[in-house]
Each structure stands twice: as C-alpha cells, then as structure tokens.
Amino acid sequence: LPPRHMDSVVRIVEALESTDGGFTGTVPELARALGGCSTPGCRAVLGEPPDVPPAPPMLSHEQWLLFTQLLHHDAAAPERGAVLAPDGSTVALGPLLAGIEVGRKRAAGWPGPALEPPIDALYAVTVTEVLGTAFLLARDGDGNRAALGPSGCWDDVDDPQNYTLLGPPSPLPDAVANGAMDGVLLGAHLAQAPIPLADLLRGYYGTGNGTEKGRPPSSYRRRDFRVLTGPGKLEEEVAAMLRVLQVLPPTRELLEDVGPEEVVAIARQAAQDFTEVYVECPAIVPRCMWGARPYRGTPKLLTLPLGSVYIHHTFIPSAPCRTFTACARDMRDMQRFHQDTRGWDDIGYSFVVGSDGYLYQGRGWHWVGAHTKGYNSKGYGVGYVGDFSATLPDSDAIALVRDGLLPCAVRTGRLHHNYTLRGHRQMGHTDCPGNSLFREIETWHGFE
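Residues numbered from 1 in each chain as written. Predicted model: local features only at pLDDT ≥ 70, side-chain atom pairs only at ≥ 80, totals over all residues. Heavy atoms only, no water.

Description of the domain arrangement of the chain
For the chain, the assigned domains read domain 1 (6-280) and domain 2 (288-442). For domain 1 versus domain 2, the distance between C-alpha centres works out to 33 Å. Each partner contributes to the interface: domain 1 provides 21 residues, whereas domain 2 provides 15 residues. For the pairing of domain 1 and domain 2, the buried interface totals around 1,400 Å² over both sides, and the portion due to carbon and sulfur atoms is 53%. Where domain 1 packs against domain 2, one counts three salt bridges. Measuring nitrogen to oxygen at the nearest pair gives 2.7 Å for the salt bridge that ties Arg-215 to Asp-396. (Domains from an automatic or database assignment. Contact = heavy atoms within 4.5 Å. Buried area = accessible area lost by both parts, 1.4 Å probe. Salt bridge = Lys/Arg side-chain N within 4 Å of Asp/Glu carboxyl O.)

Regarding the pattern of salt bridges
A full pass over the atoms with the stated rule returns 24 salt bridges. Glu-17 is paired through a salt bridge with Arg-104; the nearest N and O atoms lie 3.4 Å apart. Residue Glu-17 is located in helix 1 (residues 6-17), and its partner Arg-104 is located in helix 5 (residues 93-107); the two are separated by 87 residues in the primary sequence. Asp-340 is the partner of Arg-293 in a salt bridge, and the nearest nitrogen-oxygen pair spans 2.9 Å. Remark: Asp-340 occurs in helix 14 (residues 324-341) and Arg-293 occurs in the loop between helix 13 (287-290) and strand 6 (306-313); sequence separation between them is 47 residues. Taking the relative accessible area as the measure of exposure, Asp-340 reaches 43% and is therefore partly exposed. Each of Arg-106, Asp-120, Lys-233 and Glu-237 takes part in a single network of salt bridges with overlapping partners. (Helix = DSSP H or I, 4+ residues; strand = E, 2+ residues; numbered from the N terminus. Buried < 20%, exposed > 50% of the residue type's maximum accessible area, 1.4 Å probe, protein only.)

Brief notes about helix 1
In this model, helix 1 (twelve residues) spans 16 Å end to end at C-alpha, consistent with the 16 Å of a helix rising 1.5 Å per residue. Burial analysis of helix 1 places nine of its twelve residues in the buried class, which makes it a mostly covered element. Inspection of helix 1 places Met-6, Asp-7, Ser-8, Val-9, Val-10, Ile-12, Val-13, Ala-15 and Leu-16 among the buried residues, and these make up the whole buried set. (Expected span 1.5 Å × (residues − 1).)

Here's the deal with the side chain of Gln-63
Here Gln-63 lies in helix 4 (residues 61-71). Judged by relative accessible area, Gln-63 falls into the buried class, the value being 19%. Apart from residues no more than four positions distant in its own chain, Gln-63 is found in contact with Pro-2, Arg-11, Ile-12 and Met-58.

Some points on the UniProt feature "domain: N-acetylmuramoyl-L-alanine amidase" (unreviewed entry) in the chain
The sites that UniProt annotates as "domain: N-acetylmuramoyl-L-alanine amidase" (unreviewed entry) are residues 294-434. When the span residues 294-434 is considered, its composition is 25% helix and 21% strand, and the gap between its end C-alpha atoms is 30 Å. (UniProt positions renumbered as here; feature names shortened; annotations may be inferred.)

What about unusual backbone geometry?
A cis amide bond links Glu-116 with the next residue in sequence, Pro-117, at an omega value of -5°. Here Pro-117 is to be found in the loop between helix 5 and helix 6 (121-140). Each neighbour pair has its own omega, and for Gly-149 with Pro-150 the value is 0°, a cis peptide bond.

Notes on the packing of aromatic side chains
The final tally for this structure, using the stated rule, is ten aromatic pairs. A ring pair is formed by Tyr-310 and Tyr-375, whose centres lie 6.1 Å apart and whose planes are at 55°; its orientation type is tilted. Taken as a pair, Tyr-310 in strand 6 and Tyr-375 in the loop between strand 8 (359-361) and strand 9 (379-384) lie far apart in primary sequence, 65 residues in all. Judged by relative accessible area, which is 1%, Tyr-310 ranks as buried. Take Tyr-375: its relative accessible area is 30%, and that puts it in the partly exposed class. One residue, Lys-105, lies across the ring of Trp-110, its end atom 5.7 Å from the ring centre. Over the face of the ring belonging to Tyr-220 we find Arg-215, whose NZ or CZ atom lies 3.8 Å from the ring centre. (Phe/Tyr/Trp six-rings, centres within 6.5 Å; stacked < 30°, edge-to-face > 60°. Lys NZ or Arg CZ within 6 Å of the ring centre and 35° of its normal.)

The structure is reproduced here in structure tokens:
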C-alpha cells in the first residue's frame with residue numbers, strides 16, 4: 001500500500017476533489033461512510049453515515065484500500081487510523097476529517113445539531129466524546145487503566161506502514177489527541193474561510209514541500225489549540241457531551257449510575273489532564289522515532305524528583321535544526337559521536353531541543369545521563385541543537401524549555417518545585433552553553 005503518510009492522504013483527497021473524476025460527494029462524508037465518525041455522539045451530531053459508495057474510479061485500488069483502512073473505526077485500536085505527518089507527529093484521520101466536516105457545514109450556514117443540552121459540534125466530533133468516555137472508563141477500571149496516551153513509533157519514517165504504541169492503549173492515544181486538536185483548528189479555520197481540502201491539508205502539514213522548508217503550522221498545534229480553547233471551554237463541553245450520552249440509547253447504560261455532580265467531576269478531571277498532557281506540556285519525540293541505537297550496558301535509574309537542570313548547547317551540530325528530518329539526523333549523529341568517539345553508553349543529554357517545535361528524548365526522564373560530569377545523577381541535561389555563542393535560539397525554542405518543559409517537569413513530580421538551573425560552564429571547564437544562551441538563561445526562573 002502507499003505509505004501511511006499525510007502526503008498519501010493529500011494525494012487521495014486531491015484525486016477525489018478533481019472536477020473530472022466523477023466523485024460527487026465530499027471527502028468528509030466519504031470518511032464517515034467508511035467509519036471515520038461511527039461513535040454514538042458523532043452520529044448524533046452529524047447524522048447516520050451515508051452508505052459506502054463503490055470505489056471511486058479516480059483512485060487506484062491501493063489508494064482506495066489505504067483510505068478504507070485508515071477510516072475503519074476500531075475501538076480496540078483507535079491508533080490504526082493514523083498517518084505520519086511531515087513534522088514527525090502522528091495524526092488519526094477520523095477526528096481530523098470529522099472536525100473538517102463540521103467546519104464546512106458551518107461555512108454553508110448549518111445551524112448545528114438540535115441536542116439537549118446544547119453542545120459545540122466541533123468539539124463533540126473531535127475531542128469531547130472520546131475524552132469524556134476515556135475518563136468514564138478509567139473511573140470504572142482497577143486504577144491502572146490509563147485515560148490518555150501513549151505515544152508510539154513507526155516501523156520506517158520514510159515508508160511508514162505500521163504504528164506501534166509504546167504502552168497499554170487508552171481510548172485516546174497521542175495520535176487521536178493530535179487528530180482531534182487538528183480537527184478543531186482546521187474546522188474552525190474552514191468555518192471562516194472555506195478552501196479546497198487538499199490545499200488546506202497541504203498548507204497545514206507542509207506536505208509535498210520536501211519538509212526542508214522550515215516549520216509547518218501543524219508543529220504549533222498545542223499553542224494554537226490553547227489560544228482557541230480557553231481553560232473552561234473544554235471542561236464545559238465534556239460535561240455537556242456526557243449529559244448528551246446519558247440519553248442516547250447506545251451509551252445510556254454506561255452512564256446510568258453517574259449523577260450530575262460526578263459528570264462535572266469527570267469533565268473537570270478529563271479537561272485538566274488533557275490540557276496538562278497535550279497542551280501545556282511540550283511534545284517529546286521518542287527515541288524510536290529519531291532512529292536511536294540501543295543503549296549499551298545497563299542504564300542507571302534516577303531518583304526522582306531531581307533538584308537541578310543543566311542547560312547546554314551542542315556546539316556541533318552548529319546550526320539549529322528546523323525540521324523533523326534534520327533534527328532526527330542530528331540526534332543520530334550525536335549519539336554516534338557520544339557512543340563511538342566518547343565511548344559513552346548512549347547520547348549524553350536527557351533531552352535535546354530542536355528549532356522545529358519539538359523536544360527529542362535522549363536518556364529521558366528516568367535514566368542517568370552523561371551531560372554534566374560529576375552531576376549526572378543530580379539533574380537533567382537539556383541541550384539546544386546549535387552553537388549559541390553569538391546568537392540566541394529562536395524565541396519559541398527558548399519558550400519550549402523555559403515555559404514548557406520545566407514547569408511540566410515540576411507539575412508531574414520529576415523536578416523539585418525549588419529546582420536550581422545552571423549553565424554547563426558553571427559546573428566544569430567549558431564555554432557551553434555559549435555566551436548568548438548563557439546570558440538568556442540567567443533571566444530564567446531557578447537560575448543560580
């Protein structure tokens with residue numbers, strides 16, 4: 001089959017939207033026919049799905065098969081409907097195309113569903129039904145059932161075919177969260193300014209530009225979702241969606257013993273946790289996505305929470321990386337240098353900061369690194385890709401650590417709330433992290 005990549009999806013959409021192809025429906029309606037919006041809440045909002053049409057003549061057999069597989073809803077494995085985007089993130093198509101359908105209908109003057117209580121259709125078909133249900137099921141479980149996550153990895157980023165989760169699945173793995181946020185953002189955009197779907201997707205994900213032209217808008221999804229969705233909005237919409245599900249025949253039983261106060265409590269927890277994990281904390285690219293070699297030997301566990309953070313610059317590579325492809329390549333180069341030349345067990349840093357909007361997992365949250373000699377077990381080593389002796393990282397790469405990673409590490413219990421922050425040069429004989437970056441971190445919370 002074609003690669004499970006957003007490029008493949010854009011080509012399919014383009015073919016379906018071509019005027020001479022003989023396909024008369026809309027792509028989001030076709031997605032619903034194939035099962036992309038088959039949950040009770042989604043059906044209540046957008047109506048019963050149309051019948052599955054015969055294979056459209058403008059698609060190859062392989063394209064039709066891929067599209068059919070990506071939209072087939074599998075409650076036990078919701079991540080199967082996901083594709084790899086050029087920014088290195090993974091996106092589920094179901095919630096993405098459902099949000100786009102709501103946006104298009106609104107642009108055409110659709111009044112929305114007549115449901116009681118009233119709900120925001122854009123959030124209902126993308127995020128609030130699955131989010132409310134995930135927390136409802138977690139509440140009934142044995143306490144070990146996750147309501148969100150995990151992330152996952154592709155077998156091959158150049159020809160992605162299989163996506164494997166990195167832990168036990170929840171109803172809302174990272175791919176579904178990304179698809180839901182993108183569905184909200186693109187649906188809201190289309191409601192204001194309708195454009196062909198292929199153009200919308202190409203512009204947002206940066207497909208077909210070789211992904212070497214800098215950051216696509218999709219790499220800003222967390223920031224943009226936060227701007228669009230105020231703190232109370234998500235909670236309010238989850239609560240309204242749960243009340244709608246209480247009266248729908250397929251879900252009535254699931255909610256029959258849930259009182260009004262508990263609905264509010266579930267909605268608050270769900271909105272809080274989703275915001276924490278997918279909006280306020282930065283996305284971290286796992287090792288298997290950047291192509292890490294295995295750790296050599298046996299890693300040593302850190303004792304959390306840690307009390308310190310040490311800021312570095314890589315010096316070499318000296319240029320900031322601005323795309324997933326470039327940052328993943330830099331990570332592999334650094335790991336090779338640290339293992340083969342320095343003789344270390346692994347890449348030394350705990351986390352590495354790209355200028356593509358993402359953090360990259362080095363040793364991660366739990367394992368002792370090799371970043372700050374004599375202090376590796378006392379703190380996290382965070383390295384910026386580039387030489388920042390004379391220039392600063394991009395302002396959003398600075399914010400990624402200062403306003404994202406560090407507060408997130410405190411809130412999740414990995415870093416003491418009264419942590420100290422230092423530049424590498426304060427702990428040993430080095431110019432790292434460069435004069436410009438060092439002057440910048442002197443202004444950060446916790447600097448000592």
